[in-house]
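# Structure assessment
The chain contents come next:
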Amino acid sequence: MSEESTPASKRPKWETDTAEKVKESIRKYSKPLADLIARDANEGDTRLLVTDLLCEGLGWDKYAELTTEYQVKGEFAGYGIRLDKQLIAFIEVKRATTKLNSRHLRQVEMYAVNEGVEWLILTNGSHWQVFRLIPGLPVTIDLVLDVNLASDETVAAKVSQMFYLHKESLKRSQIEDVWKARAATAPKALANAILSETVLNELRKEVKRRSGHSIDAGDLGRLVRDSVLVLELAK
């Protein structure tokens with residue numbers, strides 16, 4: 001969705017209309033969601049709410065665009081999402097009180113790798129995590145969205161993320177732009193930029209200007225990496 005600083009009057013009508021639909025659905029299903037959590041609803045009951053959110057709140061056609069129990073080499077993904085008949089995402093649904101973890105991510109990652117799907121979604125109805133899969137050796141998985149509909153965050157904050165899962169937004173590839181922006185400014189990406197030859201040469205010149213001390217760019221890079229960036233690069 002457009003930056004929050006952009007006046008609503010200057011946003012495309014489809015965008016403001018879509019955001020309003022997402023907001024309405026989050027409010028409508030907050031009570032049923034709380035009830036599911038309170039009674040520790042099973043996975044099947046959680047799926048009923050997820051389906052309602054996907055269809056009523058996020059604009060997906062239950063029959064033409066959602067496939068439950070999508071088979072992948074003898075295993076079954078919770079949902080497959082199709083856009084213009086093309087499979088674009090897998091959704092793995094867990095019971096309402098299950099805490100999403102790396103094991104669940106590995107499960108849906110396997111499905112995505114086998115089917116060549118780029119978007120992975122984990123949810124227990126309240127907590128929604130969206131990942132971008134980057135093929136290669138090894139495969140890379142980037143967290144793009146992370147929102148909990150049962151949290152104390154404002155509805156506006158929740159809408160600002162769930163909006164990108166709406167069909168109208170996904171068909172315009174807006175979530176791809178979100179991923180690119182976050183990937184470009186991720187800590188490790190910034191660390192790699194700082195350690196680039198161009199930046200180190202400029203930093204070396206600045207050190208010389210400030211102190212009169214000359215230092216080799218390679219030595220400076222090691223100092224920056226081993227002291228300034230060591231905690232981040234160790235992650």
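Residues numbered from 1 in each chain as written. Predicted model: local features only at pLDDT ≥ 70, side-chain atom pairs only at ≥ 80, totals over all residues. Heavy atoms only, no water.

An unreviewed UniProt entry lists the protein chain under the name Type I restriction enzyme HsdR N-terminal domain-containing protein, from Arthrobacter sp. K5.

UniProt records the feature "domain: Type I restriction enzyme R protein N-terminal" (unreviewed entry) for residues 84-132 in the present numbering. As annotated, residues 84-132 has a helix share of 29% and a strand share of 39%, and its two end C-alpha atoms lie 20 Å apart. (UniProt positions renumbered as here; feature names shortened; annotations may be inferred. Helix = DSSP H or I, 4+ residues; strand = E, 2+ residues; numbered from the N terminus.)

Our next topic: the nonpolar core. Membership of the largest hydrophobic core comes to 40 residues, with the highest contact counts inside it found for Leu54, Trp60, Trp128, Met162, Leu165 and Ile175. No other element matches helix α3 (residues 43-57), which puts 5 residues into this core. Residue contacts for Leu165: discarding those within four places in its chain leaves Leu58, Trp60, Ile121, Trp128, Val130, Leu145, Leu170 and Ile175. (Core = buried A, V, L, I, M, F, W, Y, C linked by side-chain atoms within 4.5 Å. Buried < 20%, exposed > 50% of the residue type's maximum accessible area, 1.4 Å probe, protein only. Contact = heavy atoms within 4.5 Å.)

Quick look at unusual backbone geometry now. Within the chain, Asp40 stands out as a residue other than glycine whose phi angle is a positive 50°. Looking at Asp40, the relative accessible area reads 35%, which means it is partly exposed.

Pairing within the open sheet is mixed, and its 6 strands lie in the order β1-β2-β3-β4-β5-β6. The open sheet has two edge strands with one neighbour each: β1 (66-72) and β6 (140-148). Neighbour-to-neighbour, the strand axes of this sheet turn through a mean angle of 30°, independent of strand direction. Strand direction decides the pairing type here: strand β5 (residues 127-134) and β6, joined by 8 bridges, are antiparallel. Opposite Leu133, over in β6, you have Ile141 as the bridge partner. Along the sheet, helix α5 (residues 155-162) contacts β5 and β6; its crossing angle with β6, the most-contacted strand, is approximately 150°. Where helix α7 (residues 174-184) meets the sheet, it contacts β4 (119-123), β5 and β6, and its direction lies at approximately 110° from that of β6. (Pairing = 2+ DSSP bridges. Axes fitted to C-alpha atoms, helices over the stretch in contact; angles between N-to-C directions.)

The next subject is the pattern of salt bridges. Counted by the stated rule, this structure contains 17 salt bridges. Notably, a salt bridge pairs Glu20 with Lys23, separated by 3.3 Å at the nearest N-O pair. In this pair, Glu20 and Lys23 both sit in helix α1 (residues 13-28), 3 residues apart, roughly one turn of the helix. Take Lys23: its relative accessible area is 24%, and that puts it in the partly exposed class. A salt bridge links Lys167 to Glu65; the nearest nitrogen and oxygen atoms lie 2.6 Å apart. (Salt bridge = Lys/Arg side-chain N within 4 Å of Asp/Glu carboxyl O.)

When the terminal C-alpha atoms of α3 are compared, their 20 Å separation across 15 residues agrees well with the 21 Å that a helix rising 1.5 Å per residue should span. Three or more residues of α3 are buried, namely Thr46, Arg47, Leu49, Val50, Thr51, Leu53, Leu54, Cys55 and Gly57. Of the residues that open α3, the one with a side-chain oxygen 3.1 Å from the backbone nitrogen of Gly44 is Asn42. A positive phi of about 80° marks Gly59, the residue just after α3. (Expected span 1.5 Å × (residues − 1). Polar contact = N/O pair within 3.5 Å; in protein donor to acceptor, adjacent residues only side chain to side chain.)

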